[in-house]
Amino acid sequence: MAGVFLTHCIRPTFKIAALAALILFTYSQPAQATNSRVSSLGGGGDYFEDDSNVLRWYGSLVDYPNQAVLESGNFTILDGYWHSSTEKHSGPGLGAHLALGQDGRFGTAAFFYNDSDEDRTTAIQQDHLRDNLSFLYALDLGPLTAAVTYRHGALTTEVMDSTTELSIDTFGTGLRMDLGSSAYLDLAAEIRKVHETRNWDPGFEENDDNGLLAFRARAFVGLGPRLALVPLAEIIDEDRQGGSISRYTISNQLLRMGLGLNYFPDTDHLLLLSAEYSDYSEASDFGHATVTDNWSTLIVKAGFESRMLSWLTTRGSVGFVDYSISRDIEPGDNPDGGDGFDGPILRVNLGASVHLGPVDLDFAFWEKHPQANDIVRDLVWDDRWVSITARFLF
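All values derive from a computational prediction rather than experimental measurement.

Considerations on the pairing of strand β13 (residues 290-309)
Line of reasoning, step 1. Of the strand pairs in this sheet, strand β12 (residues 269-285) and β13 are connected by 17 bridges, and their pairing is antiparallel. Bridge pairing links L270 to E305 in β13.
Line of reasoning, step 2. Relative to strand β14 (residues 312-330), β13 runs antiparallel, the two sharing 19 bridges. Following the sheet pairing, A302 is matched in β14 by V318.
Line of reasoning, step 3. Connecting β13 to the next strand, β14, in antiparallel fashion are two residues.

Set out below in structure tokens:
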């Protein structure tokens, strides 16, 4: 495992500017990273570099060519993948990255298949989409890397003689830009189109405003060969339809801001610290009234990664989650009553990797709900999640 900022955070194009650090750590190996590694470090890889995050930070794809992954997805020991008889919150997946041409001169392409929605989706509302296909392409243009992506998922629900068909197409783009010899910037954005039909509801009409707009940015700023500062900002705006008999519109908005710190004391150890604040609102417009729930959440996390043996890496993290909840009803008075939760919440996550030449086998045992932006489920779900990922470099 690489334990230096150069190999974990700074792009390969910085080799000349960081020549001294490169020589000093010439025998350290590149970072090995999978979605299970991210889970064991607290979930969400926004504050550190890992190749599994190409499905979120698209411009990083060219830095991780020529590999294949096989993922178990996130499951619990008692219930497996299923939350209910109709809701599968995760599932197995696979993917591959391939450099096109010598040294990727024609770009890098990637393909992923995920049986069910998982924690890298941008959406706030959890749809439990099945058979998700993702295609990515990125091209290195010197100080700038540009990427595009397309994702499709669908779900058919049958209850008695009633059928609901839902399909969602996501179009995304990303940029990775050098900001000097020791810093770079990641940008990513998506739009989504939701298609829904209900054979049991002849009066149902699709809302052209259904969908999602999302934008996020992060920067890695080197404060030395062993230290990196990572600021983050994200905005998501999502409008959906709710209800079955009486329809209404749901408007979701999420604002996240955070700061991370990567520290590498030596080539075999990594320390991660992060703090973020998010403000989430869900407004349901019933026509005669609008109900708005507001969630403010503060998350502080600390994690570590240690190469114990040439074939074994251990990981772990702790996270503290604190929140406040309020409800507004217009027109009308706010209802009495508390939020129904006890806080703050403490989460403990553990993981390990077994290194077998070009193959890495990662294990994670973690507490955060797999859906990245599902604030409510993340607070109320009391389960222990497991994921296993195998990766092969070629």
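A word on the packing of aromatic side chains
Line of reasoning, step 1. The full count for this structure, using the stated rule, is five aromatic pairs.
Line of reasoning, step 2. Aromatic side chains F75 and Y81 sit 6.0 Å apart centroid to centroid with 80° between the ring planes, which places their arrangement in the edge-to-face category.
Line of reasoning, step 3. Judged by its relative accessible area of 18%, F75 is buried.
Line of reasoning, step 4. Where F111 meets F135, the ring centres are 5.5 Å apart and the plane angle is 45°; that geometry is what we call tilted. Of the two residues, F111 sits in strand β4 (residues 108-116) while F135 sits in strand β5 (residues 130-140), which places them 24 residues apart along the sequence.
Line of reasoning, step 5. Above the ring of W57, the side-chain terminus of R216 is found at 5.6 Å from the ring centroid.

A word on the pairing of strand β16 (residues 359-366)
Side-chain direction in a regular strand flips from residue to residue, so the side chains alternate between the two faces of the sheet.
Line of reasoning, step 1. Residues D360, D362, A364 and W366 point to one face of β16 and are all buried, whereas V359, L361, F363 and F365, pointing to the other face, are not buried.
Line of reasoning, step 2. As paired elements, strand β15 (residues 345-356) and β16 share seven bridges and run antiparallel to each other. Residue pairing for β16: S353 is matched across the bridge by D362.
Line of reasoning, step 3. The antiparallel pairing of β15 with β16 creates a hairpin that spans two residues between the two strands, and G357 there sits at a positive phi of about 65°.
Line of reasoning, step 4. When β16 meets strand β17 (residues 385-393), the two strands line up antiparallel, connected through eight bridges.

A few points about the environment of D239
Line of reasoning, step 1. Mapped onto the elements, D239 comes out in strand β10 (residues 227-242).
Line of reasoning, step 2. Taking relative accessible area as the criterion, D239 reaches 24% and is therefore assigned partly exposed.
Line of reasoning, step 3. Sequence separation between D239 and L213 is 26 residues, and the spatial gap between their C-alpha atoms is 9.2 Å.
Line of reasoning, step 4. Polar contacts involving the side chain of D239 include one to the side chain of S251, which spans 3.1 Å.

Here we look at the pattern of salt bridges
Line of reasoning, step 1. Summed over all chains, the structure comprises 23 salt bridges.
Line of reasoning, step 2. Note that R384 and E367 form a salt bridge whose closest N and O atoms lie 2.9 Å from each other. Taken as a pair, R384 in the loop between α4 (375-380) and β17 and E367 in the loop between β16 and α4 lie far apart in primary sequence, 17 residues in all.
Line of reasoning, step 3. Through salt bridges with shared partners, a single network forms among D46, R56, E234, R256 and E276.

Some thoughts on the side chain of R315
Line of reasoning, step 1. With respect to the helices and strands, the residue R315 is situated in strand β14.
Line of reasoning, step 2. Residue R315 is classed as buried on the basis of its relative accessible area of 3%.
Line of reasoning, step 3. A polar atom in the side chain of R315 sits 2.4 Å from the side chain of E305.
Line of reasoning, step 4. A distance of 2.6 Å separates polar atoms of two side chains, one belonging to R315 and the other to S353.

Some words on unusual backbone geometry
Line of reasoning, step 1. Within the chain, N66 stands out as a residue other than glycine whose phi angle is a positive 55°.
Line of reasoning, step 2. Note that N66 resides in the loop between α3 (35-40) and β1 (67-71).
Line of reasoning, step 3. Unlike most non-glycine residues, D103 shows phi in positive territory, near 55°.
Line of reasoning, step 4. With respect to the secondary-structure elements, D103 resides in the loop between β3 (93-99) and β4.

A look at the environment of Y150
Line of reasoning, step 1. If you trace the backbone, Y150 turns up in strand β6 (residues 144-159).
Line of reasoning, step 2. Between the alpha carbons of Y150 and F135 there is a distance of 5.3 Å; along the sequence they are 15 residues apart.
Line of reasoning, step 3. Residues within four places of Y150 in sequence aside, it is in contact with L133, S134, F135, D169, T170 and F171.

What counts and how
- Residues numbered from 1 in each chain as written.
- Predicted model: local features only at pLDDT ≥ 70, side-chain atom pairs only at ≥ 80, totals over all residues.
- Heavy atoms only, no water.
- Pairing = 2+ DSSP bridges.
- Helix = DSSP H or I, 4+ residues; strand = E, 2+ residues; numbered from the N terminus.
- Phe/Tyr/Trp six-rings, centres within 6.5 Å; stacked < 30°, edge-to-face > 60°.
- Buried < 20%, exposed > 50% of the residue type's maximum accessible area, 1.4 Å probe, protein only.
- Lys NZ or Arg CZ within 6 Å of the ring centre and 35° of its normal.
- Polar contact = N/O pair within 3.5 Å; in protein donor to acceptor, adjacent residues only side chain to side chain.
- Salt bridge = Lys/Arg side-chain N within 4 Å of Asp/Glu carboxyl O.
- Contact = heavy atoms within 4.5 Å.

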